[in-house]
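Listed below, chain by chain, are the residues.
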Amino acid sequence: QVQLVESGGGLVQAGGSLRLSCAASGGTFCRYKMGWFRQAPGKEREWIAGISRTGGSQYYADSVKGRFTISRDNTKNTMYLQINSLNPEDTAVYYCAGDSDIGGSYYDEGVYDYWGQGTQVTVSS
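Because the structure is a prediction, the values reported are computed rather than measured. (Residues numbered from 1 in each chain as written. Predicted model: local features only at pLDDT ≥ 70, side-chain atom pairs only at ≥ 80, totals over all residues. Heavy atoms only, no water.)

Trainee: What should I look at first to understand the side chain of T91 in this one?
Mentor: Summarising the element assignment, T91 is placed in the loop between β8 (78–83) and β9 (92–99). Its relative accessible area of 17% is what places T91 among the buried residues. A polar side-chain atom of T91 sits 3.0 Å from the main-chain amide nitrogen of V123. Leave out the neighbours within four places in its chain, and T91 touches A40, P41, Q120, V121, T122 and V123. (Helix = DSSP H or I, 4+ residues; strand = E, 2+ residues; numbered from the N terminus. Buried < 20%, exposed > 50% of the residue type's maximum accessible area, 1.4 Å probe, protein only. Polar contact = N/O pair within 3.5 Å; in protein donor to acceptor, adjacent residues only side chain to side chain. Contact = heavy atoms within 4.5 Å.)

Right under this line is the structure:
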């Protein structure tokens, strides 16, 4: 129903910043709660942030609190992830995901129905 495309990844030095984008098309974006996940080499996919349909509520994994900021602009059908103070442990493929259903836990990847293809973030030391 909806297509999600991430962008904004790249190579950055430790201590730097990136802003990732997730563009949605083919659905009613404002009716989806959204989340960001990442998967580092050799590790399982990890939930890092979630945001409510209006953007009024944001949720973060402990590992990224204070450094990452999730936001959305429903007029642009786009979700964002601002990443500050990057360190090499942040190196991963970052995915956005959406769920059109009411309820569910933001941190449970099983509730999300739609996924992007991912964007690579590489942090050098």
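Having seen the structure, we can now continue with the description.
Trainee: Help me understand the pattern of salt bridges in this model?
Mentor: Note on pairing: side chains with opposite charge can pair once their charged atoms come close. Per the stated rule, a full pass over the model turns up seven salt bridges. D90 is paired through a salt bridge with R38; the nearest N and O atoms lie 2.9 Å apart. Of this pair, D90 sits in the loop between β8 and β9 while R38 sits in strand β4 (residues 33–39), and the two are 52 residues apart along the sequence. Like R38, D90 is buried. Here D62 and K65 are joined by a salt bridge, their closest N and O atoms 3.3 Å apart. Accessibility classification places D62 together with K65 in one group, the exposed group. (Salt bridge = Lys/Arg side-chain N within 4 Å of Asp/Glu carboxyl O.)

Trainee: Explain the nonpolar core here, please?
Mentor: The tendency in soluble globular proteins is for nonpolar side chains to be buried as a group. Ranked by size, the top nonpolar core spans 36 residues in total, and within it L4, M34, W36, M79, L81 and Y94 carry the most contacts. With five residues, the top contributor of residues to this core is β9. If near-sequence neighbours (up to four positions away) are discounted, M34 is found in contact with L4, C22, F29, A49, G50, I51, R72, M79, A97, G98, Y106 and Y112. (Core = buried A, V, L, I, M, F, W, Y, C linked by side-chain atoms within 4.5 Å.)

Trainee: Where do I start with the state of the cysteines in this structure?
Mentor: The term disulfide refers to a covalent linkage connecting the sulfur atoms of a pair of cysteines. Applying the stated criterion across every chain, the model contains one disulfide. Free cysteine: C30, not disulfide-bonded; nearest cysteine sulfur from C22 at 15 Å. (Disulfide = S-S within 2.5 Å.)

Trainee: Can you help me understand the sheet that holds strand β3 (residues 18–25) in this one?
Mentor: To summarise the sheet geometry, strands pair through backbone hydrogen bonds and adopt either a parallel or an antiparallel arrangement. Strands sit in the order β1-β3-β8-β7 across an open sheet of four strands; the sheet is antiparallel. At either end of the open sheet lies a strand with only one pairing partner, and these are β1 (3–7) and β7 (68–73). The sheet shows a mean angle of 15° between the axes of neighbouring strands, taken without regard to direction. Bridge count between β3 and β8: six bridges; the pairing is antiparallel. Each bridged residue has a counterpart across the sheet, and for A23 the counterpart in β8 is T78. (Pairing = 2+ DSSP bridges. Axes fitted to C-alpha atoms, helices over the stretch in contact; angles between N-to-C directions.)

Trainee: How should the packing of aromatic side chains be read in this particular structure?
Mentor: For any pair of aromatic rings, the description rests on two quantities: the centre-to-centre distance and the angle between the ring planes. Here the structure, examined in full by the defined rule, presents six aromatic pairs. Summarising the aromatic geometry, the rings of Y59 and Y106 are spaced 4.6 Å apart at their centres and angled 25° between planes, so their arrangement reads as stacked. Of this pair, Y59 sits in strand β6 (residues 58–60) while Y106 sits in the loop between β9 and β10 (114–115), placing them 47 residues apart in sequence. Assessed through its relative accessible area of 14%, Y106 is described here as buried. The ring of Y95 carries R45 above its face, with NZ or CZ at 5.5 Å from the centroid. When the ring centre of F29 is taken as reference, the NZ or CZ atom of R72 above it lies at 4.3 Å. (Phe/Tyr/Trp six-rings, centres within 6.5 Å; stacked < 30°, edge-to-face > 60°. Lys NZ or Arg CZ within 6 Å of the ring centre and 35° of its normal.)

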